[in-house]
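This is what each chain is made of:
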Amino acid sequence: MSTRIGVGLIGVGWMGRLHARAYRAVSEHYPELDALPVLVSAADEVQANVDEAVQRLGFARGTTDYREVLADPQVDVVSICAPNLLHRELALAAAAAGKPFWIEKPMGRDAGESADIHDAVERTGLVTCVGFNYRNAPAVQKARELIRSGALGRITTVQVRLLADYAADPRGALTWRFLRDRAGSGVLGDLLSHGVDLAQLLVGRVASVTAATETFIPERPRPSGAAASHFSAGAGAPGAVENEDWAAMLVRFGSGALGTFEASRVAVGPRAEYGVEVYGTQGSVRWSFMRLNELEVALGSGRVDQGFTTVMASAGFGDFARFQPGAGTSMGFDDLKTIEAAHFLRSVLTGEQRAPSVADGLATARVVAAAEASAVDGLWHEVPPPVGRTTFDR
Ligand SMILES: NC(=O)c1ccc[n+]([C@@H]2O[C@H](COP(=O)([O-])OP(=O)(O)OC[C@H]3O[C@@H](n4cnc5c(N)ncnc54)[C@H](O)[C@@H]3O)[C@@H](O)[C@H]2O)c1
């Protein structure tokens, strides 16, 4: 008989709704887990979102007080999808309640909060998951396999770009994402953290960093309602944007490879161009979220036919075959979250940390912290070696 796993959700916004869909999809795509996620209780501070969770997402009950979710004996695991300012409070409360949790990135508002979350989990031994969904793309998994097999030779350089336009319109509302006390950093935590996780997954730990940041749109209109998302237009008086719109880093990996990173939330043109390129002495790979199902591969330096070939994801790529029976049939963003949910639930069922853990979240937060410090003093900053149950180095 399937193992029932009672799910609690805190924060019924963009990500909260996606977590709910991902839990619902797991038992179909991962039958061998024999897991039956049951949507038990959802919390949001906005009553309309609570109603949505119960009436449309399938939760048995809802509340405006997250403590009720954590105290619910039928809730076995918790998804933390509230704005960043609540992550530390919610994660520590979930750990104290003994509930394994799946927390959205960035884990804390800064490296100190991320360390607090990591330490609370380590004290309890709970398994966790951090929402670094891009690592689940089957083409990224194939890229990792190729890199680890040695097919690219010695990795020399890595290029990571995360260019989005979600904040390019200055009429966009001054939501929690632009306020330091609610979000922490800006595009560093929001987008570049995904790129750091991808790069560390593919090439290993980032050892030192120098960075620059800029805020190009210093003011935005305040939101008109509590339920504003980062796609809403603002209607209120202008307020100051308190964190960076753009960031770039030059990094040294522990392996000796070098990397360049750029992230923007105000790029006009790229909609969500999140990509990673890895270059080695014998070959290279390139992947972009805009072409989720493709991997560009170049193998064999010095060949007359040298150059990139585009390979469509197929059964040999990560978890592709669990979603599509035929090569070339596209997977989507939601599927990456279903894979993440499956990794999380597998960790819960086996007790073995399989999903990106709070140690991975802390490792990324420390790279971001080094970048923030470098953006202030212009110097290179060392990143402390990862601690705890990281998964990118396994
Ligand atoms: N993994 C990804 O690709 C990805 C993408 C987008 C967002 N995120 C992360 O997900 C988190 C949520 O982002 P979002 O875009 O879903 O935001 P959102 O603003 O759409 O949703 C946040 C929800 O939390 C609710 N909330 C606020 N205070 C609360 C409280 N005290 N108790 C319960 N609910 C409360 C809000 O009412 C809102 O419904 C953030 O940490 C963000 O960085 C990750």
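Up top is the structure these notes are about.
What counts, and at which threshold
Residues numbered from 1 in each chain as written. Predicted model: local features only at pLDDT ≥ 70, side-chain atom pairs only at ≥ 80, totals over all residues. Heavy atoms only, no water. Helix = DSSP H or I, 4+ residues; strand = E, 2+ residues; numbered from the N terminus. Buried < 20%, exposed > 50% of the residue type's maximum accessible area, 1.4 Å probe, protein only. Contact = heavy atoms within 4.5 Å. Areas by Shrake-Rupley, 256 points an atom, 1.4 Å probe, with all protein chains shown as cover. Lys, Arg positive; Asp, Glu negative; His and termini not counted. Charge placed at Lys NZ, Arg CZ, Asp CG, Glu CD. Expected span 1.5 Å × (residues − 1). Pairing = 2+ DSSP bridges. Axes fitted to C-alpha atoms, helices over the stretch in contact; angles between N-to-C directions. 1 Å grid on protein atoms, 1.4 Å probe; cavity = no way out; pocket = protein on both sides within 12 Å on 5 of 7 lines; lining within 4 Å. Points joined across faces, edges and corners; volume = space filled by probe spheres on them. Nonpolar A, V, L, I, M, F, W, Y, C, P; charged D, E, K, R; others polar. Core = buried A, V, L, I, M, F, W, Y, C linked by side-chain atoms within 4.5 Å. Domains from an automatic or database assignment. Polar contact = N/O pair within 3.5 Å; in protein donor to acceptor, adjacent residues only side chain to side chain. Near = heavy atom within 4 Å.

Points about the overall build of the protein chain
Of regular secondary structure, the protein chain possesses 10 helices and 17 strands. Along the longest, intermediate and shortest principal axes, the C-alpha atoms of the protein chain span 65 × 55 × 40 Å. When the 394 residues of the protein chain are sorted by exposure, 55% land in the buried category. Taking as baseline every contact in the protein chain between residues at least 6 positions apart, the subset at least 24 positions apart corresponds to 72%. As presented, the protein chain carries roughly 15800 Å² of accessible surface, and 51% of it is formed by carbon and sulfur atoms. Taking the average place of the 38 positive charges on the side chains of the protein chain and the average place of its 45 negative ones, the gap between the two points comes to 2 Å.

Notes on helix H1 (residues 14–29)
Given a rise of 1.5 Å per residue, 16 residues ought to cover 22 Å, and the 22 Å separating the end C-alpha atoms of H1 matches this to within 8%. For H1, the set of buried residues is Met15, Gly16, Leu18, His19, Ala20, Ala22, Tyr23, Ala25, Val26 and His29. On the buried face of H1, the contacting elements are strand S1 (3–10), strand S2 (35–43), helix H2 (47–57), strand S4 (77–80), strand S5 (101–103) and helix H9 (333–350).

Notes on the pairing of strand S12 (residues 258–264)
Alignment of strand S7 (residues 155–164) against S12, held across 7 bridges, turns out to be parallel. By the bridge assignment for S12, Arg161 is matched with Glu262. Counting the residues in the hairpin turn of strand S11 (residues 246–253) and S12 gives 4 residues, including Gly256, whose phi is positive at 105°.

So, the sheet that holds S2
Whether parallel or antiparallel, the strands of a sheet pair through hydrogen bonds between backbone atoms. Ordered by their spatial adjacency, 6 strands build an open sheet running S3-S2-S1-S4-S5-S6, and the pairing between neighbours is parallel. Each edge of the open sheet carries a strand with a single partner, namely strand S3 (61–63) and strand S6 (128–130). Within the sheet, the average angular offset between the axes of one strand and its neighbour, ignoring direction, is 20°. The sheet contact formed by S2 and S3 spans 3 bridges and is parallel. Following the sheet pairing, Ser41 is matched in S3 by Arg61. Relative to the sheet, helix H4 (residues 87–96) contacts S1, S4 and S5, its axis offset from that of S5 by approximately 170°.

Section: empty space enclosed by the protein
Applying the stated criterion to the full structure yields 2 cavities of 30 Å³ or more. The space that makes up the largest cavity amounts to roughly 140 Å³. If you go around the largest cavity, you meet 17 residues; those closest to its centre are Pro106, Gly108, Gly189, Ala365 and Val368. Top contributing element to the lining of the largest cavity by residue count: helix H10 (residues 358–377), with 6 residues. For the lining of the largest cavity, a count of residues per class yields 7 nonpolar, 7 polar and 3 charged. For the second largest cavity, the calculated volume is near 50 Å³. Along its surface, the second largest cavity is lined by Asn84, Pro106, Tyr166, Trp176, Arg177, Ala183, Ser185, Gly186, Gly189, Asp190 and Arg265. For the lining of the second largest cavity, the residue count by class is 4 nonpolar, 4 polar and 3 charged.

Brief notes about the layout of surface pockets
The volume enclosed by the second largest pocket comes to roughly 350 Å³. Along the wall of the second largest pocket there are 16 residues; nearest its centre are Arg135, Gln141, Arg144, His343 and Arg354. Among the secondary structure elements, those contributing two or more residues to the lining of the second largest pocket are helix H6 (138–149) and H9. Here the lining of the second largest pocket takes 3 residues from H9, the largest share from any one element.

Digging into the sheet that holds strand S8 (residues 206–214)
Across the sheet, 9 strands lie side by side as S16-S15-S14-S13-S7-S12-S11-S8-S17; this open sheet has mixed pairing. Only two strands of the sheet have a single neighbouring strand rather than two, namely strand S16 (309–312) and strand S17 (381–382). Here 5 bridges tie strand S13 (residues 272–280) to strand S14 (residues 283–288), and the two strands are oriented antiparallel to one another. Each residue of the ladder has a partner; that of Val278, found in S14, is Val285.

Regarding the nonpolar core
Formed by 93 residues in total, the largest nonpolar core has its most connected members in Val209, Met249, Val278 and Trp287. When residues in this core are grouped by element, the largest group, 10 residues, is from helix H8 (residues 187–203). Here this core spans two domains, and each of domain 1 (3–133) and domain 2 (135–331 + 356–382) adds at least three residues to it. Setting aside residues no more than four positions away along its own chain, Val209 makes contact with Met249, Leu250, Val251, Val367, Ala370, Ala371, Ser374, Leu379, Trp380, His381 and Val383. By size, the runner-up hydrophobic cluster in this structure holds 26 residues, among which are Val75, Ala94, Ala95 and Val358.

Remarks on the environment of Asp334
Tracing the backbone through its elements, the reader meets Asp334 in helix H9. The spatial distance from the C-alpha of Asp334 to the C-alpha of Asn133 is 9.4 Å, given a sequence separation of 201 residues. If we skip the residues at most four places from it in the chain, Asp334 touches Leu18 and Arg21. There is a polar contact of 2.7 Å between the side chain of Asp334 and the side chain of Arg21.

Considering the site of the ligand
Taken together, 28 residues lie around the ligand, and Met15, Asp44, Asn84, Lys105 and Asn133 are the ones closest in. Taking Trp14, its main chain carries an N or O atom lying 3.1 Å from an oxygen atom of the ligand. Within the backbone of Glu45, an N or O atom sits 3.5 Å from a nitrogen atom of the ligand. Against a free-state accessible area of 850 Å², the protein chains account for coverage of 91% of the ligand. Put simply, the parts of the chain that give the shell around the ligand at least two residues each are H1, H8 and H9. Broken down by class, the residue content of the shell around the ligand amounts to 13 nonpolar, 8 polar and 7 charged. Taken together, domain 1 (3–133) and domain 2 (135–331 + 356–382) each give at least three residues to the shell around the ligand, which thus spans both.

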